[in-house]
Amino acid sequence: MFADVIVDIQHEKLDKIFQYRIPEEMEGRLEPGMEVLVPFGKGNRLLKGYVTGISETCGYDLSRVKDIADIPEKGMEIETRLISLAAWMKEHYGGTMIQALKTVLPVRQKENARVKKRLRLLLDEETGKRQLHYYLEKNQKARARLMAALLDDHLLEYELVTKKLNITMPVIRALEEQGVLALETEQVFRTPVRQTPREEGHITYTEEQRRIIDRFRADYENGRRETYLIHGVTGSGKTEVYMEMIRTVVEAGRQAIVLIPEIALTYQTVMRFYRRFGDRVSIMNSRLSAGERYDQMMRARAGEVDVMIGPRSALFTPFPDLGLVVIDEEHEPTYKSEQTPRYHARETAIQRARAEGASVVLGSATPSMEAMYRARRGDYVLFEMKNRSRMQEMAQVYTVDMREELRNGNRSIISGKLRDLMDDRLRKKEQMMLFLNRRGYAGFLSCRECGHVIKCPHCSVSLSVHRDGKMRCHYCGYEQPKATVCPECGSRYIGEFRAGTQQIEDIVKELFPRAEVLRMDMDTTRQKDSHEKILSAFANEEADILVGTQMIVKGHDFPNVTLVGVLAADMSLYTGDYRSGERTFQLLTQAVGRAGRGEKPGEAVIQTYDPSHYAVETAAAQDYEAFYAEEIRYRELMGYPPAEHLLAVLVSGEEEALLEKGCGYLKAYIARVTGTAAGRAQTATGARTEVIGPASPGIDKIKDVYHRVIYIKAPDYGFLVKVKDRVEQYIRINPGFDRMRIQFDFDPM
Ligand code: ADP
Ligand code: ZN
Ligand code: ZN
C-alpha cells in the first residue's frame, strides 16, 4: 500500500504530492489527514507531512519510493481534521485532492502592508447628539446616518462605513471639515474593529425564541449534537437566537462559525455581533486581501478569536475546538461553490461538525427544499418562528394578471394597479422599488394571451430559445422549431419575454416625468463602488424610484420604501431548470419583504401572466407550507433533488467535434455502468436510474470554449459517487479526454 503525502501545507507548495510506501506495521493505521514523518530529499531529512490519500498502486519507479518513517504520537491537530474534510469533499463532490486541499487550507501569501483608514469621533456624546439633531433637522440623511453610527461606536472602520453604511467620501470630508470626525490612517491592524462587548438594554426573548434557545442549551449540555433548522420569517428574531446559541458554546470554551451571504452581511449585522462578543469576533469578506484573510485564519487557529463571521469560505476557519456552525439564509445559492470541488456549505458544514463534535444551525425565512425535506424526514430538528419580534405587519400583496391587462387594452409593462400605487407614493413622498426578475434568464417562449409556456415533454422545464431559431431543453437536448402560434390557444401573441431594466427606466420616466429614478443592474454597477453609490443615493432619499434586478431585493433596509413592484414574476419561473419554482418563491418572498421595513405599512404588486402558478400564488399569500407541499410533489414526480439526486457531468473543450465524440462515448459508458443502456431502467439494485443528454448548458459556447452536459438521475447519492469514480477512471485511461475538461456537479444549482 502507498500513501500520498504533502510535506508542506503552504498554499503555493500544495501542488506537490509525494508517494511513500506504507510499511507493513503501519498498514491499516493511516487515514487521510494523519500526520506522518517522512524522509525527504537527498539527505533523507525527516519532515513532517500529512497523508492525503491511500492507494494500492504507485505512479513512480518502485525502486525509488521511500518508506514512511513514523507516525508521531499526537492528538488530532486541526490540519488533520481539515485534510480529512478535504478527502471527504473530493470523494463526495469530485475533483482532485489538490483542488480540495486548496479549498480548505488557509492561503499563505506574502504581500505588502496595506494602509487602512478609520473614522474617529472628535465630539463628546452631548455635542454629538446635538449635531445629529441638527443634521436630522436639515434633512441631511447621510450625515445623520454617519453621526448616529459614530455615536454608537466612536471608532469606525472606513470600509465598513462606505460599503455597508453607504456613506460616500464627500460626506466624510464634510464632517471632517466641521471637526466632527478625524480620518485616521494606520498601517495594517489585525482586527478590523476593536471593541469591547457592551451589554445592550436587556432583551426579553419571545416565547418562540425562548423555546429554541432552551432546547439548544439542553441538547448542548447533554452532549447531543444536532442539525437544527430554524424556519422563521424575516424579523422574527433569528439572529438574536444565533447569538444566544453562540454564547452557550463560547462560554463552554469552544468556537463558532457564522456563515452569512456576503450581500446580507450588513453594517447593522456586523455591529450587532461586535457589540455582543467584542473583539473576539472576526469578520471575513471578499474585500480583505489574501494576507489579511490568512492573518485572520491564524488568529483563529491560535485561539484569539471565538466567532468567525463570513461567506461560504469562512466554513474552513481552523478553530481548535469548533462547537457550532450557523448558516443564515441557508437557501441562498451562493452556498454552493461554482469551482471544483463544487461543494455545498450546508452538507460540508454538517460533515465537519460531525467529525469535530459540533452542532449546526440553519436559518431561513424560505428554507431550501433540501433542508426542509431533511427536517421533515427527521434528520434535522425543526423550529418554526411565525411572528415578527417587533410586531410589524407583513406587506399587503396584490397579484395582477397581465393577460387581463392586455385584454383591457393596456400593453404597457406597468399595470394599472401598480401605476396607481406609484402615483400615490410619489404624492406621499415615499419611496418604491421596481424589480425585474432576471435571474438565470434563459429566453423562454410564452403566450401573452393565455400565459402558456412551451416546455420539454420529457423534463417538465421550459425550453430555451436559441439563435438558430430552435428551442432546446437544457437537460436532455430535446429540440423543436421555435413556435409562432400558441399550441394551447392558437394566439399569435407568442414570443420571448424581452424586457430590460433600461427599458423600464425609460417607461417609468415617461409615465412620471417628475420622479427621480435610479437604476441598478449589471450595466450601472460595472464600475468599482457604483453599487454602493446607487444604494447610498437611494438611502439618502435622493430618488423616488429604484429600478433593478435581483441585486436590489437583498440585504438592504430602506425604511421609507413602502411599495415594491415585481414586474414579471414569470421571468424566473422559466429558466429551464428544476429549481426555477423554488427560486421564484424565494425571490418573490424577499421582494415582498422589502416593502414596509420601517414604521409605515407596505404594499407589493406582483405582475404575472400566470397568476395561478403555485410559486406565484403561495408567495403572494406568504404561505411557505403550501409552496413546499406543491414543490415536493413535482420533485418526487420528476425524480429531481431532494427526492432523488442528480449528477451533472460537465464537459468542455475547444474542439467541438472532439467534444461531441467524447460525450457520445461518455454517455454510452455511463449507460453501461449504470445499467441503463436502454434509457431509463432498473439497475441491479432495483433503483431507478436515468442518463440524460448530452445537452448544451444554457450557452453552448463561451469564449471559444464549447460546453456540454450529461445528467445522471438516481435515488441514491452514494451510487452517483460510484459513477463519478468510474468516469474519472475512464477518462484517465482513454485518449482524447485530456483535451477536454470534465467536471462534476452533484445536485446542481
Ligand atoms: P431575523 O434574523 O429573524 O431577521 P433579528 O434577530 O434580526 O431577526 O430581529 C429583528 C429585529 O428585532 C432586530 O432589530 C432585533 O434586535 C429585534 N429583536 C429580536 N428579538 C427581539 C426581542 N425578543 N425583543 C425585542 N426586539 C427583538
Ligand atoms: Zn396561448
Ligand atoms: Zn428535456
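Residues numbered from 1 in each chain as written. Chains lettered and ligands numbered in written order. Predicted model: local features only at pLDDT ≥ 70, side-chain atom pairs only at ≥ 80, totals over all residues. Heavy atoms only, no water.

As for the coordination of the zinc ion (ligand 3)
We count it as follows: Metal-coordinating donors are taken as N, O and S atoms lying within 2.8 Å of the metal, or within 3.2 Å when the metal is Na, K or Ca; because water is left out, some sites can appear incomplete. Geometry assignment treats four donors as tetrahedral when all angles are between 85 and 135 degrees, treats four as square planar and six as octahedral when opposite donors are over 155 degrees apart and all others between 65 and 115, and treats everything else as irregular. Where helices and strands are cited, they refer to DSSP runs of H or I of at least four residues and of E of at least two residues respectively, numbered from the N terminus. Note on classification: 1.4 Å probe, protein chains only; a residue is buried when its accessible area is under 20% of the maximum for its type, exposed when over 50%, partly exposed between these limits.
Donor atoms from the polypeptide that bind the zinc ion (ligand 3) are Cys-456 (SG), Cys-459 (SG), Cys-473 (SG) and Cys-476 (SG), placed at 2.3 to 2.4 Å. The site at the zinc ion (ligand 3) holds 4 donor atoms, and with the angles between them running 107 to 114°, its shape is tetrahedral. The sequence pattern describing where the donors of the zinc ion (ligand 3) fall on their chain is C-x2-C-x13-C-x2-C. Of this pair, Cys-456 sits in the loop between strand E17 (445-447) and strand E18 (464-465) while Cys-473 sits in the loop between strand E19 (470-472) and strand E20 (479-481), and the two are 17 residues apart along the sequence. Under the relative-accessibility criterion, Cys-473 is labelled buried at 1%.

A closer look at the site of ligand 1
Note the following rule: One heavy atom suffices: a residue is near a molecule or strand as soon as one of its heavy atoms comes within 4 Å of it. Whenever a nitrogen or oxygen atom comes within 3.5 Å of another N or O atom, the pair is scored as a polar contact, on the condition that within protein one atom can donate a hydrogen and the other can accept it, and that pairs from neighbouring residues in sequence are kept only if both atoms are in side chains. Any residue outside Ala, Val, Leu, Ile, Met, Phe, Trp, Tyr, Cys, Pro, Asp, Glu, Lys and Arg is labelled polar, Gly included; the first ten of those are nonpolar and the last four are charged.
Among the 16 residues in the neighbourhood of ligand 1, the closest are listed as Thr-204, Gly-235, Lys-238, Thr-239 and Arg-272. Between ligand 1 and the protein, one listed contact pairs an oxygen atom with a backbone N or O atom of Gly-237 at 3.0 Å. At 2.6 Å, a side-chain N or O of Thr-239 approaches an oxygen atom of ligand 1. For the shell around ligand 1, the per-class residue count stands at 3 nonpolar, 9 polar and 4 charged.

Here we look at the coordination of the zinc ion (ligand 2)
Protein ligation of the zinc ion (ligand 2) involves Cys-447 (SG), Cys-450 (SG), Cys-486 (SG) and Cys-489 (SG), the donor distances falling in the range 2.2 to 2.4 Å. Because the angles between the 4 donor atoms bound to the zinc ion (ligand 2) fall within 107 to 113°, the donor set is best described as tetrahedral. Along the chain, the residues donating to the zinc ion (ligand 2) are arranged with the sequence spacing C-x2-C-x35-C-x2-C. One end of the pair, Cys-450, is in the loop between E17 and E18; the other, Cys-486, is in the loop between E20 and strand E21 (494-496), with 36 residues separating them in the sequence. Note on Cys-450: relative accessible area 24%, which makes it partly exposed. Residue Cys-486 is classed as buried on the basis of its relative accessible area of 2%.

So, the nonpolar core
Rules: Among buried residues, the Ala, Val, Leu, Ile, Met, Phe, Trp, Tyr and Cys ones that are joined through side-chain atoms within 4.5 Å form a nonpolar core.
With 164 residues, the main nonpolar core has Met-422, Leu-434, Val-649 and Leu-666 as its most contacted residues. With 9 residues, the top contributor of residues to this core is helix H1 (residues 78-93).

A short note on the pairing of strand E30 (residues 705-714)
Selection criterion: DSSP calls a pair of strands paired once it identifies at least 2 bridges connecting them.
Of all 10 residues that make up E30, 8 are buried, and the element is covered over most of its length. The sheet contact formed by strand E26 (residues 645-653) and E30 spans 9 bridges and is antiparallel. Pairing of Val-651 across the sheet is with Arg-708, part of E30. Inspection of the sheet shows strand E28 (residues 688-695) paired to E30 by 4 bridges, in the antiparallel sense. Along E30, the bridge assignment pairs Val-691 with Ile-712.

Overview of the sheet that holds strand E4 (residues 45-55)
For clarity, the threshold we go by: Axes here refer to lines fitted to C-alpha atoms; in helices the fit is confined to the stretch in contact. Angles between the N-to-C directions go from 0 to 180 degrees.
Spatially, the 4 strands line up as an open sheet ordered E2-E1-E4-E3, and their pairing is antiparallel. The sheet is open, and its two borders are formed by strand E2 (18-21) and strand E3 (35-40), each paired with just one other strand. Neighbour-to-neighbour, the strand axes of the sheet open up by a mean angle of 55°, direction not taken into account. Here 4 bridges tie strand E1 (residues 2-6) to E2, and the two strands are oriented antiparallel to one another. Bridging from a neighbouring strand, Asp-4 pairs with Gln-19 of E2.

So, the packing of aromatic side chains
The line we're drawing: Only rings of Phe, Tyr and Trp enter the pairing, Trp through its six-membered ring, and a pair is recorded when the two centres are within 6.5 Å. The plane angle decides the type: under 30 degrees is stacked, over 60 is edge-to-face, the rest tilted. Charge-over-ring contacts are defined here by two conditions on Lys NZ or Arg CZ: a distance within 6 Å of the ring centre and an angle within 35 degrees of the ring normal.
Inspection of the entire model under this criterion finds 20 aromatic pairs. Relative to Tyr-220, the ring of Phe-216 has its centre 6.0 Å away and its plane inclined at 25°; by these criteria the two rings are stacked. Of this pair, Phe-216 and Tyr-220 both sit in helix H7 (residues 207-221), 4 residues apart, which is roughly one turn of that helix. Residue class for Phe-216 comes out buried when judged on its relative accessible area of 1%. By way of ring pairs, the aromatic residues Tyr-475, Tyr-578, Tyr-634, Tyr-640 and Tyr-711 are connected into one cluster. We note Lys-117 situated over the ring of Tyr-158; from NZ or CZ to the ring centre the distance is 4.3 Å. Here the basic side chain of Lys-417 rests over the ring of Tyr-398, its NZ or CZ set 4.1 Å away from the ring centre.

Remarks on the layout of surface pockets
Stated formally: A cavity, in this analysis, means grid points on a 1 Å lattice covering only the protein atoms where a 1.4 Å probe fits yet has no way out; a pocket is instead an open set bounded by protein on both sides within 12 Å along at least five of seven lines, and a residue lines either one if it has an atom within 4 Å of a point. Grid points are joined across faces, edges and corners, and a volume is the space filled by probe spheres set on the points.
One number sums up the size of the second largest pocket: a volume of about 1300 Å³. Taken together, 35 residues make up the lining of the second largest pocket; nearest its centre are Lys-90, Gly-95, Met-97, Glu-728 and Arg-732. Counting residues per element, the ones that place at least two in the lining of the second largest pocket are E4, H1, helix H2 (97-104), helix H22 (717-733) and strand E31 (741-746). Among the elements that take part in the lining of the second largest pocket, H22 stands out by supplying 5 residues, more than any other. Within the lining of the second largest pocket, the residues separate by chemical class into 12 nonpolar, 12 polar and 11 charged.

Things to note about the confidence of the model for the protein
Short version of the rule: Looking at any residue, its pLDDT shows the predictor's confidence there, from 0 to 100. Contact criterion: two residues are considered in contact whenever any of their non-hydrogen atoms come within 4.5 Å of each other.
The predicted model of the protein has a mean per-residue pLDDT of 86, with 91% of residues at 70 or higher. pLDDT under 50 marks residues 679-686. Its contacts with residues more than four places away, or in other chains, come to 15 contacts.

Regarding the sheet that holds strand E10 (residues 281-283)
Pairing within the open sheet is parallel, and its 7 strands lie in the order E10-E11-E9-E12-E13-E8-E14. This sheet does not close on itself; its edge strands, each paired only once, are E10 and strand E14 (381-385). Direction aside, the axes of adjacent strands within the sheet are offset by 15° on average. Relative to strand E13 (residues 359-364), strand E12 (residues 322-328) is paired through 5 bridges, and the arrangement is parallel. Counted as the bridge partner of Leu-324 is Ser-359 from E13. Of the strands in this sheet, strand E8 (227-232), strand E9 (255-259), strand E11 (307-310), E12, E13 and E14 touch helix H8 (residues 238-251), which is tilted by about 170° from E12.

Let's talk about helix H20 (residues 624-638)
The cut-off we apply is this: A helix is expected to span 1.5 Å multiplied by its residue count minus one. Here the arc refers to the directions that run from the helix axis out to each C-beta atom.
Compared with an ideal rise of 1.5 Å per residue, which puts 15 residues at 21 Å, H20 spans 21 Å between its outermost C-alpha atoms and is within 8% of the ideal. Of the positions making up H20, those classed as buried are Tyr-624, Phe-627, Tyr-628, Glu-631, Ile-632, Tyr-634, Arg-635 and Met-638. Taken down its axis, H20 places every buried residue within 160° of arc, on the same side. What points out from H20, more than 90 degrees from its buried face, is the exposed set Arg-633 and Leu-637.

With respect to the side chain of Ser-580
Tracing the chain through its elements places Ser-580 in helix H18 (residues 580-593). Given the relative accessible area of 9%, Ser-580 is considered buried. A polar side-chain atom of Ser-580 sits 3.0 Å from the main-chain carbonyl oxygen of Asp-577. Those residues in contact with Ser-580 that sit more than four places away from it in its chain are Ser-572, Leu-573, Tyr-574 and Thr-575.

A few points about the packing of H18 against H20
When two helices pack together, you describe them by how their axes are tilted relative to each other and by the distance separating the axes. This is how it is decided: Note on angle classes: values under 35 degrees are labelled roughly parallel, values over 145 roughly antiparallel, values of 65 to 115 roughly perpendicular, and the remainder oblique. Crossing handedness follows the turn of the near helix against the far one: under a right angle anticlockwise gives a left-handed crossing, and clockwise gives a right-handed one.
Two elements in contact, H18 and H20, have axes separated by 10 Å at closest approach and are oriented at 165°. Classified by the interaxial angle, the pair formed by H18 and H20 is roughly antiparallel. H20 is crossed by H18, and the crossing has left-handed handedness. Each of Gly-581, Glu-582 and Phe-585 in H18 lies in contact with H20, whose residues at this interface are Tyr-624, Phe-627, Glu-631 and Arg-635.

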